[in-house]
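Each chain, written out:
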Amino acid sequence: MMAPRIQINGYTHRTWSPDQMAALDRIFFASSATQSFGGAVDKAAFRERWLGRYLLVDQPHVFLATDAADHVVGYVAGSIADIARQPRFADMATALAFAASSATYPAHLHINVAEDVRGQGVGAQLIETFAAHATACGAPGLHVVTGAASRNVRFYERCGFIEVDRRLNAANAIVFLGRRL
């Protein structure tokens, strides 16, 4: 399959249409491990926790991938500042659990790509865009936290991340994957 022509733009570098923002939400929810919510309020709170706060506060650190028809096909959103040392992330238990590791790898990201373009290099392009941005902002490293058994671990490893730390939670092991910049 031929790789799509992808354009990556900073969230603040252009105006995004309502259709593009709806596509961003579709990609976010379709890619989420959580697929069931108690209702609209729970679903909105989930979006706010894992995406909305970045779109609101960390806009310079959000990048969207669009295809040749200008449809949003993926995004990367994150923070350059260490979330373990930011009060606004106090609701994320993993931020404190991995605080020692995040001191070395302070920038973090969340990335999702539409299912129909996965495996075509879009995610890698988004990671490289975010890594270059984090480097330009002075971050010495970046990290992601995911389930140890998640299929995305291999993707992150191909993008230069290594396992730095691991914790057990009630359901499974979670890993802190870091990449020096």
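This text follows the structure it describes.
The structure displayed is predicted, hence computed values, not measured ones.

Draft legend 1. Main features of the packing of aromatic side chains. Scanning the entire structure with this criterion turns up ten aromatic pairs. Aromatic pair F28 and F46: ring centres 5.7 Å apart, planes at 40°, arrangement tilted. Of this pair, F28 sits in helix α1 (residues 18-31) while F46 sits in helix α2 (residues 40-57), and the two are 18 residues apart along the sequence. For the residue pair F28 and F46, the accessibility class agrees, reading buried in each case. Grouping aromatic residues by their ring pairs yields a cluster made of F28, F29, F37 and F46. Sitting above the plane of the W16 ring, R14 keeps its charged end 4.2 Å from the centroid. When the ring centre of F29 is taken as reference, the NZ or CZ atom of K43 above it lies at 4.6 Å.

Draft legend 2. Up close: the packing of α1 against α2. Direction vectors running N to C along α1 and α2 enclose 115°, while the axes themselves pass 11 Å from each other. Two packed elements cross with a definite hand, and for α1 against α2 that hand is right-handed. On α2, the residues touching M21, L24, D25, F28 and F29 of α1 are K43, F46, R47, W50, L51 and L55. Of the residues belonging to the contact of α1 with α2, the class tally is eight nonpolar, no polar and three charged.

Draft legend 3. Region of the structure containing the sheet that holds strand β5 (residues 141-147). The mixed open sheet is built from seven strands, whose spatial order is β1-β2-β3-β4-β5-β7-β6. Looking at which strands have only one partner, the edges of the open sheet turn out to be β1 (7-10) and β6 (162-168). Here the average twist between neighbouring strands, direction ignored, is 25°. Across the face of the sheet, α1 comes into contact with β2 (62-66), β3 (72-79) and β4 (107-113) while running at roughly 75° to β3. Along the sheet, helix α5 (residues 122-136) contacts β1, β2, β3, β4, β5 and β7 (173-180); its crossing angle with β4, the most-contacted strand, is approximately 160°.

Draft legend 4. Seen up close, the environment of H108. Structurally, the position occupied by H108 is in strand β4. Between the C-alpha atom of H108 and that of G178, which follows or precedes it by 70 residues, the distance is 9.0 Å. In contact with H108, not counting residues within four places along its chain, are Y54, A77, G78, S79, I83, F89, F130 and H143.

Here is what the cut-offs are and how they apply
- Residues numbered from 1 in each chain as written.
- Predicted model: local features only at pLDDT ≥ 70, side-chain atom pairs only at ≥ 80, totals over all residues.
- Heavy atoms only, no water.
- Phe/Tyr/Trp six-rings, centres within 6.5 Å; stacked < 30°, edge-to-face > 60°.
- Helix = DSSP H or I, 4+ residues; strand = E, 2+ residues; numbered from the N terminus.
- Buried < 20%, exposed > 50% of the residue type's maximum accessible area, 1.4 Å probe, protein only.
- Lys NZ or Arg CZ within 6 Å of the ring centre and 35° of its normal.
- Axes fitted to C-alpha atoms, helices over the stretch in contact; angles between N-to-C directions.
- Left-handed = near helix turned anticlockwise from the far one by under 90°.
- Contact = heavy atoms within 4.5 Å.
- Nonpolar A, V, L, I, M, F, W, Y, C, P; charged D, E, K, R; others polar.
- Pairing = 2+ DSSP bridges.

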